[in-house]
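Each chain, written out:
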Amino acid sequence: MEIVIIGAGVVGLATGWRAAAAGAAVTLVDPDPGGGASSVAAGMLTPVSEVTYGEEPLLRLGLASRDRYGAFVAELEELTGLETAYRTDGILQVAFDSDDLTYLDDLRRFQESLGIAAEALTGRECRKAEPMLAPGVRGGLLAPEDGSIDPRRLTAALLTAAEKAGARLVRRRAAGVAVENDAAAGVRLDDGTVVRADRVLLAAGPWSGDLAGLPPGAVPPVRPVKGQVMRLRTRVPFLTRATRGLVKGSSVYLVPRADGEIVLGATQEELGFDTRVTAGGLWELLRDARELLPGITELEFAEVSAGLRPGSPDNAPVMGPSALPGLFVGTGHFRNGVLLTPVSADILSAMLLDGPVPDVAGHFSPDRFSAEVHSR
Ligand code: GLY
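Model, not experiment: these values are computed from the prediction.

**Student:** Please give an account of the nonpolar core that cites residues and values.
**Tutor:** Core analysis: the biggest nonpolar cluster contains 46 residues, and Val 26, Leu 28, Tyr 69, Phe 72, Leu 76, Leu 154 and Leu 158 have the highest contact counts within it. Put simply, the parts of the chain that give this core at least two residues each are strand S1 (2-6), helix H1 (10-21), strand S2 (25-29), helix H3 (56-80), helix H6 (151-164) and helix H8 (341-352). Excluding residues within four positions of it along the chain, Leu 28 makes contact with Ile 5, Gly 7, Ala 8, Gly 12, Leu 13, Ala 162, Ala 167, Arg 168, Leu 169 and Val 170. Grouped together as the second largest cluster of nonpolar side chains are 25 residues, Val 94, Leu 121, Leu 142 and Ala 289 included.

**Student:** Give me the sheet that holds strand S18 (residues 318-321): which residues, what numbers.
**Tutor:** One key point about sheets: their strands pair by backbone hydrogen bonds, in either a parallel or an antiparallel sense. On the basis of which strands lie adjacent, the open sheet formed by 6 strands has the order S8-S2-S1-S12-S19-S18 and mixed pairing. Edge positions in the sheet fall to strand S8 (168-170) and S18, since each has one partner strand and no second. Taken pair by pair, the neighbouring strands of this sheet meet at an average axis angle of 20 degrees, ignoring direction. Sheet topology places S1 next to S2; 5 bridges connect them, and they run parallel. Residue pairing in the sheet places Ile 6 in a bridge with Val 29 of S2. Set on the sheet, H1 makes contact with S1, S2, strand S12 (199-202) and strand S19 (327-331); between it and S2 the angle comes to about 165 degrees.

**Student:** Got a sec to walk through the pairing of S12? Specific residues and values, please.
**Tutor:** What you see with S12 is no split at all: Arg 199 and Leu 201 on one side and Val 200 and Leu 202 on the other are buried throughout. Taken together, the 4 bridges between S1 and S12 define a ladder with parallel strand orientation. Counterpart to Val 4 in the pairing with S12 is Val 200. As paired elements, S12 and S19 share 3 bridges and run parallel to each other.

**Student:** Account for the site of the ligand, with residues named and values stated.
**Tutor:** The immediate surroundings of the ligand are formed by Glu 50, Tyr 253, Ala 266, Arg 309 and Arg 335. The separation between an oxygen atom of the ligand and a polar side-chain atom of Tyr 253 is 2.5 Å. Within the complex, 85% of the 200 Å² of free accessible area of the ligand lies under protein. Partitioning the shell around the ligand into residue classes produces 2 nonpolar, no polar and 3 charged.

**Student:** Which residues make up the layout of surface pockets, and what are the values?
**Tutor:** Any space left empty among the atoms is revealed by the rolling of a water-sized probe across them. In this model, the second largest pocket occupies a volume close to 260 Å³. Looking at the second largest pocket, it is lined by 13 residues, and the ones nearest its centre are Ser 49, Tyr 103, Arg 244, Leu 246 and Ser 251. Here the lining of the second largest pocket takes 3 residues from strand S14 (residues 242-247), the largest share from any one element. Classifying every residue of the lining of the second largest pocket gives 4 nonpolar, 6 polar and 3 charged.

**Student:** Go over the side chain of Asp 100, please, and point to the residues and values.
**Tutor:** Mapped onto the elements, Asp 100 comes out in helix H4 (residues 98-113). The buried charged residue Asp 100 lacks any salt bridge partner; its closest oppositely charged side chain belongs to Lys 248, at an N-O distance of 8.0 Å. Of note is the side chain of Asp 100, whose polar atom sits 3.4 Å from the backbone nitrogen of Phe 96. Leaving out residues up to four positions away in the same chain, Asp 100 has contacts with Ala 95, Leu 246, Val 247, Lys 248 and Gly 249.

**Student:** Give a description of the sheet that holds strand S13 (residues 223-233) that names residues and reports values.
**Tutor:** Read from one edge to the other, the open sheet built from 8 strands follows the order S5-S6-S4-S14-S15-S16-S13-S17, with strand pairing classed as mixed. Of all strands in the sheet, those bounded by a partner on one side alone are strand S5 (119-122) and strand S17 (300-311). Taking each pair of neighbouring strands and ignoring which way they run, the sheet shows an average axis angle of 20 degrees. Summarising the sheet, S13 and S17 pair through 11 bridges and their orientation is antiparallel. Counterpart to Arg 233 in the pairing with S17 is Glu 300.

Rules used in this analysis
Residues numbered from 1 in each chain as written. Predicted model: local features only at pLDDT ≥ 70, side-chain atom pairs only at ≥ 80, totals over all residues. Heavy atoms only, no water. Core = buried A, V, L, I, M, F, W, Y, C linked by side-chain atoms within 4.5 Å. Buried < 20%, exposed > 50% of the residue type's maximum accessible area, 1.4 Å probe, protein only. Helix = DSSP H or I, 4+ residues; strand = E, 2+ residues; numbered from the N terminus. Contact = heavy atoms within 4.5 Å. Pairing = 2+ DSSP bridges. Axes fitted to C-alpha atoms, helices over the stretch in contact; angles between N-to-C directions. Near = heavy atom within 4 Å. Polar contact = N/O pair within 3.5 Å; in protein donor to acceptor, adjacent residues only side chain to side chain. Areas by Shrake-Rupley, 256 points an atom, 1.4 Å probe, with all protein chains shown as cover. Nonpolar A, V, L, I, M, F, W, Y, C, P; charged D, E, K, R; others polar. 1 Å grid on protein atoms, 1.4 Å probe; cavity = no way out; pocket = protein on both sides within 12 Å on 5 of 7 lines; lining within 4 Å. Points joined across faces, edges and corners; volume = space filled by probe spheres on them. Lys, Arg positive; Asp, Glu negative; His and termini not counted. Salt bridge = Lys/Arg side-chain N within 4 Å of Asp/Glu carboxyl O.

Have a look at this one:
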């Protein structure tokens, strides 16, 4: 089986690794492997805190992926000798004012109704857990089983693993899908050459909807949702675990790493394919973060970046065979790409190789957006 994967972000790389390890001849096409949203993401592994009412299938997918993470990382690190900064010391969500606290209470009830453990903390208990939190923090929720990973290290390890398993990397832009006899026959590169394949996986994040050669029914409904992120550094203990805050209804998060990096994110902007870092975006991040952690302004500045999340109409990934025979889709991971990497790789590699697909994949097929489904 010859498979070509368009897009070497975390999902494309992990799927390529799994498919190559299972014996397929895999080619990954990407001008800048790991250079998209995967290199900007903070890497919180928190299935619960970004899910809202009506998104229970997404929550189940997130939990299935979080459950796979430990073994996935152990295998990856053992195979490559590379560290991924994977941590499972929980995530703290805190509320700044009483409306934020009401939201967190609602979230806790929602979590409880789904049988998910989260511990409610008072403001004082939050500060005991994280002494740098502002005195005004009203309360919080500790999700003890959540964690984080460094997506840049994860990408580097996945790239090494995929190449070790025999995957070939083509550092070029995919211009379109080559179609023969009404089926995908490979990928046309920007220099006009065609990489032929039995099956093509479209895992190009928000660019997945932009490829030439696809019949309209096969184009995944994804759009770019910009996120600006700041990287800071500390030499003294500042934050022990990933912390997400709600500040007057606005959400901000900080993800600390053992090497002193603290990732502060993220804006959510509908501006098309715009990756400019703006003064307003950074001000918004710092404004909210300073309300929660006043000492943040003392930290050393390291980097700013902006990435494009692949958003779908229902915030959930789009994974499965498309309307064009031979073309599969693996995109739409929106705010959850890093979390959903292990389960997406299992689902997509099984689909590409006609293996048994995990049950949890059922809800995420591209055909849920077809005209037929909408007209019901
Ligand atoms: N999951 C974090 C974000 O998308 O900003």
